[in-house]
Structure formats: C-alpha cells, structure tokens
Amino acid sequence: KQKPQVDVVMCDLIAFLQGTDQGVFAKIDPAKVPNMAKMADMAKLPSGDGVYTYADVLAIIYHEEIFKKKGWKPPTTWADMLRPELKGTVVIPPVSNTYGLYTLVEFARMNGGSENNIDPGFVTLKKVAPNVVDWTTTFAKIGTLMESETAAIAVFGNGSGWEIKGKGIPVNVVIPKPAYVSPTVAGVVKGSPNPAGGEALLNWLISEKVLAYRAERFGNTPMNKETKVSATAKERVLAGEQLNDLVKLDYAKVLASRTEWNARFEREVATIK
C-alpha cells in the first residue's frame, strides 16, 4: 500500500473488497476508462474503485456416462448434492475456496439460514461430508477425478466445467437456481507507478473484444453489456436480463466471518470420513 509495485489488480471479489477496505485502490474515472459506460449496473462496485470484468457462476458438474450407467437422474438442484446414492463420488471445494464458500451459504439458505445464520450450512456440509471423495480447490483435480471415474459430481464454476468438457471428459454443466455469481474484479492501484497505463489496461480488460474472447474460450459471463457472443457461447454464459437473477452475498458479513468459517470447516467438516 505504501509503495505499490503494480498498476492493476484483478482477482476474486472478496479478496478485492479486502483491498477496498484498506484503501488500496483509486477511484475509477469514467472519462479515462470509457468502457465503464458499457458495464452492467451490478458490475460497478458501490465504492467506485473496482469493476466486475467477467463472472463465473456456481455450477454442478456431473459425469454423464456414470449417471447413465448407474441409472441416476441428472442433477437439477443444489439438494441433489445430498443424494445418498452419490456416496464416495462427490467433490466440493473447502470453505476457504470461493466456490466452497458459496456452497456453504446456499446450504445454509436451503435450510432456513443465511450468511447471518451459517449454522444450517455447516449442519448440511456435515451430512454431505461422508459422500465427498475430495475437497479440492482446483478444476484440474476435478477433471482428473472425473476422467478416472473416481468422482461423478462436483461443485465449481461453470467456466471450469466447460474447460473439463473441452478436454474430452464426458461431463455436463448445470446452473441450478438460485444462481450465485463469482465475479472477477479489477481496479487501478492508488499511487501506482503508471496510473495512466493502468487505466488503459483496465479499459482494455472490460472491452467487448476481451470479454467476447473469454466468453467463447472459457465460458465466462461478460459484464460488458455490448459484448457479442456466438450461439454456442450463449448456451454457456449468462447475459441481459439473466444477470438480474444472480444472487449476491452480504459481503461485509462474509468478510467479517470468513476466518472463523475456514477454521470451523477444518475442525468440524474436513475431518469427517
């Protein structure tokens, strides 16, 4: 913060908000970052120092061939993660991972809780823990487990699911409702070595060209409203009115509680076999 070495930071929303709380980022000047005018309203941080570039959406990734062989009905809801026949085939990231955090919150909401009453989420994670074959933080590990048919179903970002499918592994990707957005946020560092260059880079990162590429190549949902994507990409990303249905968390509560939740997960859930 006192002597920044970089001009632009791009990272998960919750990590970015920690920087906002510490005054790390400069306010974005729309005159110097003109693509800001094209961004969805939800993409602009209220603090004025960051913008969602693109987003992944929390998804269920499942191995179609395993489900067919076993005669299992394809998953359509978050509650499907608790189905008893899935014992020993489930992958969920730990709570310290963004996707694991969203899973914890959804499990809480499914059972009358929320970010402000997380206990039902932990109760549900404890129920599903005996079904879990791995609490991994990477989609590469999920792909390996799916390819070997060690895992049949996982929670992760939709873009990662399409990456796994693109490697020839027979998976499908489902976004159950409610749909949780996991945005990647960018901003210019206050007092950076090259602020003008940082603003130019930020403007490029949120341009239609860059976000169309991310949509086509990675299945990331573009936050620039003027981004044009192919018919194939439209089946994988959310756009237009669909963005209004995405669930956002009480991030202030999450930031205040995350260290405690991470420790609780390791103590109460990760040890369950």
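Rules used throughout
Residues numbered from 1 in each chain as written. Predicted model: local features only at pLDDT ≥ 70, side-chain atom pairs only at ≥ 80, totals over all residues. Heavy atoms only, no water. Helix = DSSP H or I, 4+ residues; strand = E, 2+ residues; numbered from the N terminus. Rg over C-alpha atoms; globule rule 2.2 N^0.38 Å. Contact = heavy atoms within 4.5 Å. Areas by Shrake-Rupley, 256 points an atom, 1.4 Å probe, with all protein chains shown as cover. Lys, Arg positive; Asp, Glu negative; His and termini not counted. Charge placed at Lys NZ, Arg CZ, Asp CG, Glu CD. Core = buried A, V, L, I, M, F, W, Y, C linked by side-chain atoms within 4.5 Å. Buried < 20%, exposed > 50% of the residue type's maximum accessible area, 1.4 Å probe, protein only.

Digging into the overall build of the chain
Here is step 1 of the chain: In terms of regular secondary structure, the chain is built from 10 helices and 9 strands.
Here is step 2 of the chain: Against the globule reference of 19 Å for 273 residues, the chain gives a C-alpha radius of gyration of 19 Å, in line with a compact fold.
Here is step 3 of the chain: Judged by the C-alpha coordinates and their principal axes, the chain covers about 55 × 40 × 30 Å.
Here is step 4 of the chain: Counting only contacts in the chain whose residues sit at least 6 apart along the sequence, the fraction spanning at least 24 positions is 71%.
Here is step 5 of the chain: Surface exposure of the chain reaches about 12,500 Å², of which carbon and sulfur atoms provide 52%.
Here is step 6 of the chain: Of the charged side chains in the chain, 33 are positive and 29 negative; the average position of the first set lies 1 Å away from that of the second.

Observations concerning the nonpolar core
Here is step 1 of the chain: Counting residues in hydrophobic clusters, the biggest one holds 81 residues, and the most contacted among them are I92, L125 and M223.
Here is step 2 of the chain: The leading source of residues in this core is strand β2 (residues 51-63), at 8 residues.
Here is step 3 of the chain: Other than its neighbours up to four places away in sequence, M223 contacts K38, M39, A40, M42, A43, Y52, T53, Y54, A55, V181, L211 and L243.

Quick look at unusual backbone geometry
Here is step 1 of the chain: The omega angle of the peptide bond from K177 to P178 is -5°, so this bond is cis rather than trans.
Here is step 2 of the chain: Phi is positive for E149, close to 60°, though the residue is something other than glycine.
Here is step 3 of the chain: Here E149 lies in the loop between α5 (139-147) and β5 (153-157).
Here is step 4 of the chain: For E149, a relative accessible area of 37% corresponds to the partly exposed category.

Limitation: the analysis is restricted to geometry and does not speak to function.
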